[in-house]
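# Descriptive structure summary
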Amino acid sequence: MLSFTLLILCAGILHALAVHVQVTWDIGYLNISRDGFSTWQAIGANGKLPIPPIYVTQGDVLELTAINHLDKPVTLHTHGLFQRNSSYYDGAGMVTECGIPPGFQFTYIIETRDQSGTYWIHSHYGTEGIDGLRAALIIRDQDLQLLNEYDEDVLLTLEDWGQAPLDSMVDMLKTTPLVNLIPSHPTVMINGINANISQPIRFTPGRRYRLRVVSMSFTYWFKVRLPGHTIQVIEADGINSRPFAADGLDLCPGQRYSVIITAHKSIDYNYALNVTFYSDFIPRVSGLNPRYHKVPIVYRDNAPTKKFPVVEDHEVKWADELAMEPRDEQMLLEPVDQHIVLNVKVLNREMGLSIHAYGEYAYASVPVPPLYTALTTGDTAFSPSVYAPQLNAIILQHNHIVELELRNSFAPIVHTYHSHGHVFQIVETGPANINSSVPVKRFKGRQPMRRDTITLAAGQYVRVRIKADNPGVWYQHCHQEQHNLSGMAFTLIEAPDVMQRTLRVPSEMLDFCRILGHPTQGNSVGRVGSDMTGIDPPLAINGTTNSINGG
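Rules and cut-offs
- Residues numbered from 1 in each chain as written.
- Predicted model: local features only at pLDDT ≥ 70, side-chain atom pairs only at ≥ 80, totals over all residues.
- Heavy atoms only, no water.
- 1 Å grid on protein atoms, 1.4 Å probe; cavity = no way out; pocket = protein on both sides within 12 Å on 5 of 7 lines; lining within 4 Å.
- Points joined across faces, edges and corners; volume = space filled by probe spheres on them.
- Helix = DSSP H or I, 4+ residues; strand = E, 2+ residues; numbered from the N terminus.
- Nonpolar A, V, L, I, M, F, W, Y, C, P; charged D, E, K, R; others polar.
- Buried < 20%, exposed > 50% of the residue type's maximum accessible area, 1.4 Å probe, protein only.
- Lys, Arg positive; Asp, Glu negative; His and termini not counted.
- Salt bridge = Lys/Arg side-chain N within 4 Å of Asp/Glu carboxyl O.
- Polar contact = N/O pair within 3.5 Å; in protein donor to acceptor, adjacent residues only side chain to side chain.
- Contact = heavy atoms within 4.5 Å.
- pLDDT = per-residue confidence, 0-100.
- Phe/Tyr/Trp six-rings, centres within 6.5 Å; stacked < 30°, edge-to-face > 60°.
- Lys NZ or Arg CZ within 6 Å of the ring centre and 35° of its normal.
- Arc of directions from axis to C-beta.
- Core = buried A, V, L, I, M, F, W, Y, C linked by side-chain atoms within 4.5 Å.
- Pairing = 2+ DSSP bridges.
- Axes fitted to C-alpha atoms, helices over the stretch in contact; angles between N-to-C directions.

## Re empty space enclosed by the protein
The tally for this structure, following the rule as stated, stands at three cavities of 30 Å³ or more. Counted as a void, the largest cavity has a volume near 50 Å³. L211, V224, R225, L226, I231, D247, L249, V259, I261 and L273 together form the lining of the largest cavity. Sorting the residues of the lining of the largest cavity by element identifies strand 14 (221–225) and strand 18 (256–262) as the ones contributing at least two each. Broken down by class, the residue content of the lining of the largest cavity amounts to eight nonpolar, no polar and two charged. In this model, the second largest cavity occupies a volume close to 40 Å³. Considering the residues around the second largest cavity, the lining is formed by I201, F203, Y209, L211, L226, I261, L273 and I297. Within the lining of the second largest cavity, the residues separate by chemical class into eight nonpolar, no polar and no charged.

Written out as structure tokens, the structure reads:
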């Protein structure tokens, strides 16, 4: 008890000594045309879209106040932040909170003493994020050795921007056969501006630039290359890496990279940063998918842009997370205490639609956020019976080493996996089907690279490892928004016993649940034990059974 009291006291002292950065987002609807041809009701902050990026320094405390002027609840998720000892600030709607009701405001307290790097913030309630409520978050490093490796910081945000609110497109899919829909391909936004009129990035000869690339995307992938320059990858998803020489970056929705580019000494030529916008799970349409854009890299006004021969993708050395190594040299987590196999499953519906899931059931929200169930059900919080089946809840013991094997055996399309509350070690990828010719690839160095978002290719598996050292409830999901909304998610219920001793949900958040009509204690429906009376039955998904070993 004394050691825990001292820990809380020390944490309080550090919090008090930290610099507090206060940011307010007055969140409301905006009728806006970001792409120049389609005007619709988007969601912005302080009357603006894009929302300006937020910059803090490692060790600062970001106090982000959200004022909700929407007609529905709102949440804010800091994508990539651990929210250690504060799972309730994670912003996952109906997982760690009920949301901020219309007409109310709330301040998220975001500690940065344990993390630095490149992140972003977005709503995690319904379609609010893809409809505009998103912005980059940069946590500047305090590592002097790293700071000495570059001279200037440059931000490159990449977004997919639709032609209507996603809600309306989801409704359309419910009533229109997929084969009769004209593909609605989003517009590319680079640094918040239509990529067709991308603003130049100016280089000074000899200077070293840290280019932070943030995929604030919910559907599409991006490839980024700067022909004529060598790039050194130094960060992936907030984890600093040993310098890794590459020709380009391939980012799935939600991923981030930092690279160092040394500018040439000559000013004879300007160059072009190539950005390819593509998706492998949407039909290819010439001029729309893929789509090619260029960001001018200007050494001298009116200098000619240097031309380079076309290079095929297979000839490019892309940043490779299996070949990269973390700067902090964290060794492979072992031995494994719990091995979990999750098969991506598919349920084909009418009109060519399908639902993809990471669990036995399509994920669906329940009346009580699972964080509150874990905090209020005592010893039974370790029992799966207090969590509704549609939460796909996996219970972890404190400090156990957990290996997740995600198998994309049945889905004929690519997916993504994003973990809240953790970065995972990327251990291995390989064929998910017996007769596949896909090779097995294992991490190449002494220490596996870590990140929080990864691509799960069709017909393949990926094995990742975490240490269950962050008590809380953590949402795990595909970051393609259509799949996330249809149920491709599961929850990690991490160390309920430690949670109950250490987490104290702010009273305002509990009040918000009551205002919105949600219980704040008990099982998933606010009852005792396994009684789930009153909740809709889960939607079962066909396919191979998942397995959980150990624990």
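## Quick notes on the side chain of R291
As for its placement among the helices and strands, R291 is situated in strand 20 (residues 291–298). Look at R291: it is buried, it has no salt bridge, and the nearest opposite charge is D35 at 8.4 Å. Engagement of the side chain of R291 in a polar contact is seen with the backbone oxygen of P186, the distance being 2.8 Å. Apart from the residues within four sequence positions on either side, R291 is in contact with H185, P186, T187, V188, V275, T276 and F277.

## Describing the environment of Q330
Here Q330 shows up in the loop between strand 20 and strand 21 (338–343). On a C-alpha basis, the gap between Q330 and M449 in space is 8.6 Å, while along the polypeptide they are 119 residues apart. The contact partners of Q330, leaving out residues within four places of it in the chain, are Q425, Q447, P448 and R450. A distance of 2.9 Å separates the side chain of Q330 from the side chain of Q425, its partner in a polar contact.

## Focus on the confidence of the model for the protein chain
A residue-level look at the protein chain finds 91% of positions with pLDDT of 70 or above and a mean pLDDT of 91. Note that residues 6–10 has pLDDT below 50 and, in this model, zero contacts with residues that lie over four places away or in other chains. Low pLDDT, under 50, characterises residues 176–183; the predicted model gives this stretch 10 contacts beyond four residues in sequence or across chains.

## Notes on the packing of aromatic side chains
As enumerated under the stated definition, the model contains 19 aromatic pairs in all. Judged by centre distance (6.1 Å) and plane angle (85°), the rings of Y358 and Y417 are edge-to-face. One end of the pair, Y358, is in the loop between strand 23 (354–357) and helix 4 (370–376); the other, Y417, is in strand 26 (residues 415–419), with 59 residues separating them in the sequence. By relative accessible area, which is 0% here, Y358 ends up buried. By way of ring pairs, the aromatic residues Y88, Y89, F104, F106, Y108 and F512 are connected into one cluster. Above the face of the W161 ring, R34 is positioned so that its terminal group lies 4.5 Å from the ring centre. The ring of Y278 has K223 lying over it, and the distance from NZ or CZ to the ring centre is 4.8 Å.

## Examining helix 7 (residues 507–515)
Those residues of helix 7 lying buried are M509, F512 and C513. Taken around the axis of helix 7, the buried residues stretch over an arc of 100°, which confines them to a single face. Buried residues along helix 7 sit against strand 6 (105–111) and helix 4. Just past helix 7, the residue G517 takes up positive phi, approximately 85°.

## Section: the nonpolar core
Judged by nonpolar contacts, the single largest core of 66 residues is most densely connected at W25, I27, I54, L62, L64, L76 and L137. It is strand 1 (residues 20–32) that provides the largest number of residues to this core, a total of five residues. Apart from residues no more than four positions distant in its own chain, I27 is found in contact with I43, G44, A45, A66, I67, N68, H69, L70, V74, L76 and L133. Counting residues in each nonpolar core, the second largest holds 46 residues, with Y209, A263, M324 and V423 among its members.

## Observations regarding the sheet that holds strand 5 (residues 77–79)
Taking strand neighbours across the sheet as the criterion, the four strands line up as 3-8-7-5 in an open arrangement whose pairing is mixed. Edge positions in the open sheet fall to strand 3 (54–57) and strand 5, since each of these has one partner strand only. Neighbour-to-neighbour, the strand axes of the sheet open up by a mean angle of 25°, direction not taken into account. As judged from the six bridges shared by strand 7 (residues 117–122) and strand 8 (residues 134–140), these two strands associate in the antiparallel manner. Note on strand 8: the bridge partner recorded for T118 is I138.

## Comments concerning the side chain of R212
Within the secondary structure, R212 sits in strand 13 (residues 208–215). Judged by its relative accessible area of 1%, R212 falls in the buried class. Within the structure, R212 has its side chain in polar contact with the side chain of T118 (distance 2.9 Å).

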